[in-house]
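# Tertiary structure, described
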Amino acid sequence: MNMRKVKNSSVLMLVHFLLYRDIPRAVEAFMTKQFTLGSYESVHVLHRSMPVKRIGVVRAPFDIDGNKGDRNKRENYENDSNLQKPMISKQTSTFWFSDPEREPLSEDLVLPCEYNLDPNGPLPFGSYRTVGDSLYDPKRLCLITTGVTLRNGEKRNEIDTSLALSNAHKMIDSGLTSFQVHIPRERQIHAPEGSMESGMESNSEQEWIEQNIYKKLIQETPSSVLSLCNLGTKIRVPYWNFRGNIGKGSMVRQKIGDSILNIFGNAGGCLDSVHVDYRSGPTLDSASPYTLDVLDTLFDMKREGLIRSIHGIEFPASVLAELKQCNFYLDTNQVTCNLLNPNDCIGSMQQICKEYEQEGKPLKLILKSPLAGGLLTNKYYSVPNKYRGKNGEPATQYMTPSEKWACEFALKKCWLQGYTERENVGISKRDVWMFFEKKVLEVMYKIALKHRVDVASVAVRWTMQQDHLASVLVGNGLNMQYDSDLPFPRPKDFRRPFTFHLDEEDMERLWSVCGANHVRNDEKEFDPTIDISNRRLWL
């Protein structure tokens, strides 16, 4: 403390209040005692552990003799806006730093991690994202979206709908409030010869989910809880060579109307999310000529109050740039992202997201297939020898249909090509499985042991920590075809990625074994032209 020429004992009382952290009383003392510092230069008070507010001390013009002064003069002084008065800044200070007041963080800027997360109850702060235009009251998306799917569609009579509905309520009670119709994407890009199919025909699996899951969920869920849920459906773009007429959007309106009727019945309602399934044109780089017509009708229905938000499914970055020029801004775009095939969500897709954000229309990503069809789980770490083939690859009886497809496409095509080109190594398809176990699963298993979780949680968390994330889509059959006596483990499994965080070392190890076909933009090589001989510049 440094005091210069302080002769008035009242100033010592002010300093006393400051030292004992009684800022309000200090200010009150200053105002009531009306200190006369006269020509004294300054009063500096510093305390090592005491957060104080900077106080500007000025001279009261009506108090030149050190007395209390006249009350009328004091009121005139307080009401006079032209005079300089004692001020308390909003800046807090300590001995070590001066930290200005900051606006509170919004939930969209926080990636949650709560190590002691309860098995049930709400998810931690930052577990939800708000996407879409606020004028249309969009529903929030949970960072993990439940992809409702039928694992065996031809045996729907064996599905216990009441059990599926009960499990959906368990997901909601666990804070997992986002659902989306998740059925296999149609790979056909053109109509069969001689056929009048448009490609927008109703899918039986989608209709069943809308009528038996979504509709009953709305009927048997309180409105206060339902307002927090986001139920998403989908629509397809017609084939590029469709010879019929979509009737100025009448086919699109009919399809959306069917979904509203399936979900809400005759009472009608507003769809939370509509996901537009992209269909390419004559070449893979071009879009179907009906794409703009479909989006134009959907945005009209959005303005009419029938749709809250519109999302895309696997729209290429070049098509998103063209849509931006036509003033069509999708709320999210759904792409594949996992350790075996992360190429769809890096590179040009990240660049287009930045361009959207610069224009004030942020585009977020829904990343699907984080488990690569089930290959990135504990099931395939150290497979028993009795279930292996000659090359060490698991036997076909050991794998589900989705795992077989992921093994052929995600592993033997995407990961093998991307990893070998990036690392400049030679791996044959015959040896790819054993190399995959030693390189990818081994690293994931060690990281899982470090954080005391399973391999699947590491795969999901790695996807959650990607840029421009809106949600991670994980398929879930809601236990519709399993024994009802078994516990439903999905809520606990889906909450586990919120209980840990992959540090920089973990992320680098995972990036080093993934199937990315090029080095990420944030990985900058050392510039040899930089002179580091001057040691005074070293940290």
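As shown above, the structure is provided for reference.
Analysis parameters
Residues numbered from 1 in each chain as written. Predicted model: local features only at pLDDT ≥ 70, side-chain atom pairs only at ≥ 80, totals over all residues. Heavy atoms only, no water. Helix = DSSP H or I, 4+ residues; strand = E, 2+ residues; numbered from the N terminus. Contact = heavy atoms within 4.5 Å. Areas by Shrake-Rupley, 256 points an atom, 1.4 Å probe, with all protein chains shown as cover. Salt bridge = Lys/Arg side-chain N within 4 Å of Asp/Glu carboxyl O. Buried < 20%, exposed > 50% of the residue type's maximum accessible area, 1.4 Å probe, protein only. Axes fitted to C-alpha atoms, helices over the stretch in contact; angles between N-to-C directions. Parallel < 35°, antiparallel > 145°, perpendicular 65-115°, else oblique. Left-handed = near helix turned anticlockwise from the far one by under 90°. Nonpolar A, V, L, I, M, F, W, Y, C, P; charged D, E, K, R; others polar. Arc of directions from axis to C-beta. Pairing = 2+ DSSP bridges. Right-handed = clockwise from strand over helix to strand, strands pointing away. Core = buried A, V, L, I, M, F, W, Y, C linked by side-chain atoms within 4.5 Å.

## With respect to the overall build of the chain
From N to C terminus, the chain includes 15 helices and 15 strands. At a minimum sequence separation of 6, the contacts of the chain that also span at least 24 residues come to 74%. Here the chain has roughly 29,200 Å² of accessible surface; of this, 50% comes from carbon and sulfur atoms.

## Here's the deal with the pattern of salt bridges
On inspection of all chains with the given rule, the structure shows 20 salt bridges. Two residues, Asp300 and Arg303, come together in a salt bridge whose shortest N-O distance is 2.4 Å. Taken together, the residues Asp300 and Arg303, both in helix H8 (residues 291–303) and 3 residues apart, mark about one turn of the helix. Since its relative accessible area comes to 26%, Asp300 is described here as partly exposed. Overall, Arg303 belongs to the exposed group, its relative accessible area being 52%.

## Observations concerning unusual backbone geometry
The phi angle at Ala372 is positive, at roughly 55°, despite the residue not being glycine. Structurally, the position occupied by Ala372 is in the loop between strand S14 (364–368) and helix H11 (401–423). The class for Ala372 is buried, based on a relative accessible area of 2%. The phi dihedral of Ser382 is positive, around 55°, even though this residue is not glycine. Relative to the helices and strands, Ser382 resides in the loop between S14 and H11.

## Describing the packing of H11 against helix H12 (residues 432–451)
Where H11 meets H12, the closest approach of the two axes is 11 Å, and the angle between their N-to-C directions is 70°. Between H11 and H12, the angle falls in the class roughly perpendicular. Crossing of H11 against H12: the hand is left-handed. Contacts between H11 and H12 involve Cys407, Leu411, Lys412, Trp415, Leu416 and Tyr419 from the first element and Val432, Trp433, Phe435, Phe436, Lys439 and Val440 from the second. For the contact of H11 with H12, the per-class residue count stands at 10 nonpolar, no polar and 2 charged.

## What about helix H9 (residues 317–325)?
Every buried residue of H9 is accounted for by Ala317, Val319, Leu320, Leu323 and Lys324. In an axial view of H9, the angular spread of the buried residues amounts to 155°, which keeps them on one side of the axis. Once H9 finishes, Asn327 follows within two positions and takes phi at roughly 70°, a positive value.

## A closer look at the pairing of strand S9 (residues 178–181)
Residue alternation in S9 divides its side chains into two sets, Ser178 and Gln180 and Phe179 and Val181, and both sets are buried. Bridge analysis of strand S8 (residues 144–148) against S9 gives 3 bridges, and the strand direction is parallel. By the bridge assignment, Val148 is partnered in S9 with Val181. Direction of pairing for S9 relative to strand S10 (residues 230–236): parallel, over a ladder of 3 bridges. Following the sheet pairing, Ser178 is matched in S10 by Asn230.

## Regarding the packing of H12 against helix H13 (residues 455–464)
Packing of H12 against H13 leaves a shortest axis separation of 8 Å and a crossing angle of 95°. One element, H12, and the other, H13, form an angle in the roughly perpendicular class. From H12, Met444, Tyr445, Ile447 and Ala448 reach across to H13, where they touch Val455, Val458 and Ala459. Its residues placed into classes, the contact of H12 with H13 shows 7 nonpolar, no polar and no charged.

## Considering the pairing of strand S13 (residues 332–336)
Burial analysis of S13 places 5 of its 5 residues in the buried class, which makes it a mostly covered element. On S13, burial covers both faces: Thr332, Gln334 and Thr336 on one face and Asn333 and Val335 on the other are all buried. Sheet topology note: the strand S12 (residues 307–313)/S13 ladder contains 3 bridges and is parallel. Within S13, the residue paired with Gly312 across the bridge is Asn333. As a crossover connection, the stretch from S12 through H9 into S13 is right-handed. Where S13 meets S14, 5 bridges bridge the pair, whose relative direction is parallel. Bridge assignment links Thr332 to a residue of S14, and that residue is Lys364. Handedness of the β-α-β unit built from S13, helix H10 (residues 348–358) and S14 comes out right-handed.

## Focus on the nonpolar core
Note on soluble globular proteins: their nonpolar side chains tend to be buried together. Within the largest apolar cluster, 116 residues are counted, with the highest numbers of intra-cluster contacts made by Ile256, Leu298, Leu375 and Leu376. Ranked by residues supplied to this core, first place goes to H12 with 9 residues. Among all residues touching Leu376, those that are not within four sequence positions of it are Asn338, Leu339, Leu340, Pro370, Leu371, Phe436, Val440, Leu441, Met444, Val455, Ala456 and Ala459. Val131, Ile366, Ala470 and Leu473 belong to the second largest nonpolar core, which has 5 residues in total.

## Points about the environment of Leu141
Among the secondary structure elements, Leu141 is positioned in strand S7 (residues 141–142). The exposure class assigned to Leu141 is buried, which follows from its relative accessible area of 6%. Sequence separation of Leu141 and Ser127 is 14 residues, and the distance between their C-alpha atoms is 8.5 Å. For Leu141, the contacting residues outside a window of four places in its chain are Ser127, Tyr128, Arg129, Val131, Ser178, Asn230, Ile366 and Ala470.

## Focus on the sheet that holds strand S11 (residues 271–277)
Judged by pairing direction, the barrel is parallel, and its 8 strands sit side by side in the order S8-S9-S10-S11-S12-S13-S14-S15 before closing back on the first. On average, each strand axis in the sheet is inclined to that of its neighbour by 30°, with strand direction left out of account. Packed onto the sheet, helix H7 (residues 250–264) meets S10, S11 and S12 and runs at close to 135° relative to S11.

These values are about where atoms sit, not about what they do.
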